Amino acid sequence: MRWGIVGTGAIAAHFALALTRVPGAIRSAVASRREETGAAFARAFGFGAVADSAAALAARDDVDIVYVATPNQAHVADCLAVIAAGKSVLCEKPLATTAADARRIVDAARAAGVFAMEGLWSLCTPAWQAALADVADGRIGRLEMFQASFAVAQAPATMPRLFEAAAGGGALLDRGVYLLALAQAALGDLTLVQAQGRKAADGTDLDAALLLRNADGAHAMLDAAIDRLGANMAVLSGSHGRIVASEPVNAPRSITTSRRDPAAAFHRPTGMPGLKARLLGGVKSNRRIRQLHAAFGGGTRWFTNGLEDEIVEVERCVAAGLRESPLVPLERSVRTLELIDQARALL
């Protein structure tokens with residue numbers, strides 16, 4: 001399919017490279033407010049044309065799908081311009097900076113009958129799809145707790161938009177949006193129980209710790225930050241096991257599923273083991289051997305991930321005539337921002 005990109009920043013560049021790795025994805029045009037910037041981006045990433053706005057890009061006959069990669073505060077206007085032109089739109093997360101603005105995008109897409117999706121590519125990756133499938137299949141029993149961290153220290157000088165409230169910055173809109181979407185994918189609709197965190201002088205949330213629960217009493221404990229380094233992994237705890245998603249949490253390199261029968265008896269040793277048992281026990285207690293066992297025979301699956309998974313999902317949905325993705329449903333995108341709105345009010 002033929003793609004257009006609105007914006008020429010870092011994420012736009014990553015997405016353009018991902019397009020080159022998806023067979024059949026055509027790089028048609030890019031939109032930039034500055035002609036020279038757009039022309040340089042087009043040359044660097046092989047786009048055939050340059051437009052000066054989202055509306056002009058979406059009006060082109062050689063564009064089927066538009067990826068909106070502009071700053072957060074511009075998402076609403078750019079998405080609405082694409083939708084008004086009757087084109088499918090993929091908007092980089094967050095869909096908007098508030099739930100009310102996200103609802104405007106969703107309502108406009110539904111009224112126009114066009115495909116729309118928030119660019120939460122984590123939900124499209126094989127790693128998270130495997131983890132969520134294990135939950136759905138009951139491999140760890142009843143899911144009781146979703147714990148996740150996405151905390152990466154950034155310097156304001158290297159990424160100033162993260163530290164500007166007016167630009168839609170902050171830990172919740174940049175990192176928490178991933179955690180809330182993943183937690184809802186695993187646990188269903190969540191209610192915010194508690195939120196604590198730190199704010200900068202302009203109101204930008206530097207970090208946030210959230211406690212949420214679903215209707216069945218299962219909990220989510222989420223930690224997001226832009227000025228400190230956290231665990232950046234997730235643990236899904238069930239009545240009969242757990243799933244560990246390795247760092248980085250938005251694109252795990254591995255998923256490890258472990259099971260334990262809670263009804264299993266606790267065995268008391270009856271005496272000293274024989275020589276064979278002692279030798280085998282020594283081998284099993286070796287740390288390196290345990291690591292190899294976990295990697296190759298202990299329930300660990302390794303994955304490589306990228307924006308390519310998101311592109312494939314969008315093209316699949318558009319080709320099938322769908323108006324939204326079952327992996328990244330629009331109502332969940334709105335609900336995530338409702339929870340962020342509530343959490344930011346409590347920090």
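Trainee: Help me understand the sheet that holds strand E2 (residues 26-31), please; the structure alone is not making it clear to me.
Mentor: In sheet architecture, strand pairing relies on hydrogen bonds along the backbone and comes in two forms, parallel and antiparallel. If you walk across this open sheet you meet the 6 strands as E3-E2-E1-E4-E5-E6, and the pairing is parallel. Looking along the sheet, the strands with just one partner apiece sit at the ends: strand E3 (49-51) and strand E6 (116-119). For this sheet, the mean angle separating the axes of adjacent strands, direction not counted, is 25°. Pairing between E2 and E3: 3 bridges, direction parallel.

Trainee: Would you mind going over the packing of aromatic side chains with me for this structure?
Mentor: Two numbers describe a pair of aromatic rings. These are the distance of the centres and the angle of the planes. Counting across every chain of the model gives 6 aromatic pairs. Members of the aromatic cluster, connected to one another through ring pairs, are Trp3, Phe15 and Tyr67. The positively charged end of arginine 175 is found above the aromatic ring belonging to phenylalanine 150, 5.6 Å away from the centroid.

Trainee: Would you explain the pairing of strand E9 (residues 205-213) in this entry?
Mentor: The two faces of the sheet receive side chains in turn, since in a regular strand these alternate between them. The sheet contact formed by strand E8 (residues 191-199) and E9 spans 8 bridges and is antiparallel. Pairing of leucine 192 across the sheet is with leucine 212, part of E9. Counting the residues between successive antiparallel strands, the hairpin from E8 to E9 contains 5 residues, one of them, glycine 203, with a positive phi of roughly 95°. Here E9 runs beside strand E10 (residues 219-225); their pairing, made up of 7 bridges, is antiparallel. Residue pairing across strands places arginine 213 opposite histidine 219, the latter belonging to E10.

Trainee: It is not clear to me how the environment of serine 122 should be interpreted in this structure. Could you clarify?
Mentor: Relative to the helices and strands, serine 122 resides in the loop between E6 and helix H6 (126-136). When its relative accessible area of 2% is taken as the criterion, serine 122 is described as buried. Spatially, the C-alpha atoms of serine 122 and leucine 307 are 8.5 Å apart, while their sequence positions differ by 185 residues. Apart from residues no more than four positions distant in its own chain, serine 122 is found in contact with Trp128, Tyr178 and Asn250.

Trainee: Is there a simple way to think about the pattern of salt bridges in this case?
Mentor: Two side chains of opposite charge can pair, provided their charged atoms sit close to one another. For the structure on display, the rule yields 21 salt bridges. In this structure, lysine 93 and aspartate 174 form a salt bridge, with 3.3 Å as the shortest nitrogen-oxygen distance. With lysine 93 in the loop between strand E5 (88-92) and helix H5 (99-112) and aspartate 174 in helix H7 (residues 171-187), the pair connects residues that are 81 residues apart, well separated along the chain. The salt bridge partner of aspartate 189 is arginine 335, with a shortest N-O separation of 3.1 Å. Of this pair, aspartate 189 sits in the loop between H7 and E8 while arginine 335 is found in helix H11 (residues 330-346), placing the two residues 146 residues apart along the sequence.

Trainee: Mind showing me how you'd approach the packing of H7 against H11 here?
Mentor: The geometry of a pair of packed helices is captured by two quantities: the angle between their axes and the separation between those axes. Two elements in contact, H7 and H11, have axes whose closest approach is 9 Å; the angle formed by their N-to-C orientations is 125°. One way to sum up the angle between H7 and H11 is to call them oblique. Where H7 crosses over H11, the two elements pack in a sense that is right-handed. Judged by residue contacts, Leu172, Leu173, Val177, Leu180, Ala181, Gln184 and Ala185 of H7 engage Arg332, Arg335, Thr336, Leu337, Leu339, Ile340, Ala343 and Arg344 from H11.

Scoring rules and cut-offs
Residues numbered from 1 in each chain as written. Predicted model: local features only at pLDDT ≥ 70, side-chain atom pairs only at ≥ 80, totals over all residues. Heavy atoms only, no water. Pairing = 2+ DSSP bridges. Helix = DSSP H or I, 4+ residues; strand = E, 2+ residues; numbered from the N terminus. Axes fitted to C-alpha atoms, helices over the stretch in contact; angles between N-to-C directions. Phe/Tyr/Trp six-rings, centres within 6.5 Å; stacked < 30°, edge-to-face > 60°. Lys NZ or Arg CZ within 6 Å of the ring centre and 35° of its normal. Buried < 20%, exposed > 50% of the residue type's maximum accessible area, 1.4 Å probe, protein only. Contact = heavy atoms within 4.5 Å. Salt bridge = Lys/Arg side-chain N within 4 Å of Asp/Glu carboxyl O. Parallel < 35°, antiparallel > 145°, perpendicular 65-115°, else oblique. Left-handed = near helix turned anticlockwise from the far one by under 90°.

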